[in-house]
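Summary of the model geometry
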Amino acid sequence: MTETGLEGGKPMTEPSGAAVTLRDAYQWAKAQLKDVQERPERAAEMLLCAAAGIRREDVYARPERPLTAEQWDRYRGWVQRHRAGEPIQYIVGHESFFGMSFVVNRHVLIPRPETELLVETVLKEIEADPSIGAGLSSNRPRRIADLGTGSGVIAITLARHLPQWEVWAVDCSAAALTVAQENARRLGAVGIRWLQGDFCQPLLDQGVRVDVVVSNPPYVARPELEQLAVGVRDYEPRLALDGGEDGLDAYRRIIGQLPAVLAPGGFVAFEVGMKQAEAVMGLLQAAGFHACRAEADLAGVLRFVLARFPDSEV
């Protein structure tokens, strides 16, 4: 599909009057965003679709369609917010993850494609070794815990793909848990256990052992926080970004508590920051984990670290 229907006609000044068309609005927004966005046309398009409640195809098939006054006012305000740095996902209130639409706001991180790969890695690991959690002495179901659940994308996706497993989701932020629970309700992910607290601590408090731990914890080194892109630095929750002076504080806390939480023979899977994989594997090995390995994301960055817990009790 070509975009020629949107490229001609009006100058790049703000449209006015009662009959602002999709073409008018799109051209104006693209000009507004060209100095702050690598892909201004894509940002203009995404905001236009959300503001007008239309599909992408409608933008190009019906460029002369007029916006209502309410739609134009909404779009104009949204474009200016994005021009100031606010991420599109917070403006429109949702983001896609694993083919599902998740509510997001400034209480939670915006889901990234790398985290989809983390979930895929965990599912493949479980599929490759059906014995994980299968040799239980009790009759409890197999359990998986998502530490630092945020918007709930990991926990909810795992719950939908592993219906026989018991999913526990932990976050220290009550506001984040509210978002995650709303996403679970909207997406029909029932039965997730939601706990508020610091990583493993709520599981320890309840005496819960799990067979798999997955986590995408804060991992930005504190000196690097101010160097982040404006949309991340000024809008995404600092609590979910700040990994301490070297970016490894959360991994140290989690790994220090894992022997009391992870069942024998289980495994842990982390998302890590750039150049952190070796350090996180070292922490796991020092804590008695074995079969430590790092896997790369689509850009070739070692982004995921996995390790197995010994089969015997600690």
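Keep in mind the model is a prediction, meaning the values are calculated, not measured. (Residues numbered from 1 in each chain as written. Predicted model: local features only at pLDDT ≥ 70, side-chain atom pairs only at ≥ 80, totals over all residues. Heavy atoms only, no water.)

1. A short note on the pairing of strand S2 (residues 100-103)
- Side-chain alternation along S2 places Met 100 and Phe 102 on a buried face and Ser 101 and Val 103 on a face that remains uncovered.
- Examined bridge by bridge, strand S1 (residues 94-97) and S2 share four bridges and lie antiparallel to one another. In the strand pairing of S2, Phe 97 is matched with Met 100.
- Linking S1 to S2, which pair antiparallel, is a turn of two residues; within it Phe 98 sits at a positive phi near 55°. (Buried < 20%, exposed > 50% of the residue type's maximum accessible area, 1.4 Å probe, protein only. Helix = DSSP H or I, 4+ residues; strand = E, 2+ residues; numbered from the N terminus. Pairing = 2+ DSSP bridges.)

2. Overview of unusual backbone geometry
- Although it is not a glycine, Phe 98 sits at a positive phi angle of roughly 55°.
- Locating Phe 98 in the fold gives a position in the loop between S1 and S2.
- One non-glycine residue, Lys 275, lies in the positive phi region at around 70°.
- Accessibility expressed as a relative area gives 81% for Lys 275, which makes it exposed.

3. Thoughts on the sheet that holds strand S6 (residues 210-215)
- Pairing within the open sheet is mixed, and its seven strands lie in the order S5-S4-S3-S6-S7-S9-S8. Because the sheet does not close on itself, it has two edges, and the strands there are strand S5 (193-196) and strand S8 (290-296). The average undirected angle you get between the axes of adjacent strands in this sheet is 15°.
- In this sheet, strand S7 (residues 262-271) lies alongside S6 in parallel orientation, the contact comprising five bridges. Across the sheet, Val 212 pairs through a bridge with Phe 267, a residue of S7. (Axes fitted to C-alpha atoms, helices over the stretch in contact; angles between N-to-C directions.)

4. Brief notes about the side chain of Gln 89
- Mapped onto the secondary structure, Gln 89 falls in helix H5 (residues 88-92).
- Filtering out sequence-adjacent residues up to four positions away, Gln 89 remains in contact with His 94, Glu 95, Val 104 and Ile 110. (Contact = heavy atoms within 4.5 Å.)

5. Notes on helix H4 (residues 69-83)
- End to end, H4 covers 21 Å across 15 residues, agreeing with the expected 21 Å (1.5 Å per residue, within 8%).
- All of the buried residues in H4 are Gln 71, Trp 72, Tyr 75, Trp 78, Val 79 and His 82. The arc that holds every buried residue of H4, seen down its axis, measures 130°, which confines them to one face. Exposed positions of H4 whose direction lies more than 90 degrees from the buried face are Ala 69 and Glu 70.
- Buried residues in H4 make contact with helix H1 (22-33), helix H2 (40-52) and H5.
- Gly 85 occupies a position one or two residues after H4 and carries a positive phi of about 120°. (Expected span 1.5 Å × (residues − 1). Arc of directions from axis to C-beta.)

6. Here we look at the side chain of Gln 276
- Structurally, Gln 276 can be placed in the loop between S7 and helix H12 (277-286).
- Judged by relative accessible area, Gln 276 falls into the buried class, the value being 8%.
- When neighbours within four sequence positions are excluded, Gln 276 is seen to be in contact with Tyr 219, Asp 246, Gly 247, Leu 248 and Tyr 251.

7. Quick notes on the packing of H1 against H4
- For the pair H1 and H4, the least separation of the axes is 10 Å and the interaxial angle reads 15°. Classified by the angle their axes make, H1 and H4 are roughly parallel. In the crossing of H1 with H4, the sense of the turn from one axis to the other is right-handed. In this structure, H1 contributes Ala 25, Tyr 26, Trp 28, Ala 29, Gln 32 and Leu 33 to the contact, and H4 contributes Trp 72, Tyr 75, Arg 76, Val 79, Gln 80, His 82 and Arg 83. (Parallel < 35°, antiparallel > 145°, perpendicular 65-115°, else oblique. Left-handed = near helix turned anticlockwise from the far one by under 90°.)

8. With respect to helix H8 (residues 174-187)
- The end-to-end C-alpha distance of H8 is 20 Å, a good match for the 20 Å that 14 residues give at a rise of 1.5 Å each.
- Within H8, burial applies to Ala 176, Leu 177, Val 179, Ala 180, Asn 183, Ala 184 and Leu 187. Down the axis of H8, the buried set is contained in an arc of 160°. They therefore lie on one face. Turned more than 90 degrees away from the buried face of H8, the exposed residues are Thr 178 and Arg 185.
- In the core, the buried residues of H8 are packed alongside S2, helix H7 (153-161), strand S4 (166-171) and S5.
- Between the side-chain oxygen at the start of H8 and the backbone nitrogen of Ala 175 there is a gap of 3.3 Å, and the oxygen is on Ser 173.
- Gly 188, located one to two residues past H8, shows a positive phi value of around 70°. (Polar contact = N/O pair within 3.5 Å; in protein donor to acceptor, adjacent residues only side chain to side chain.)

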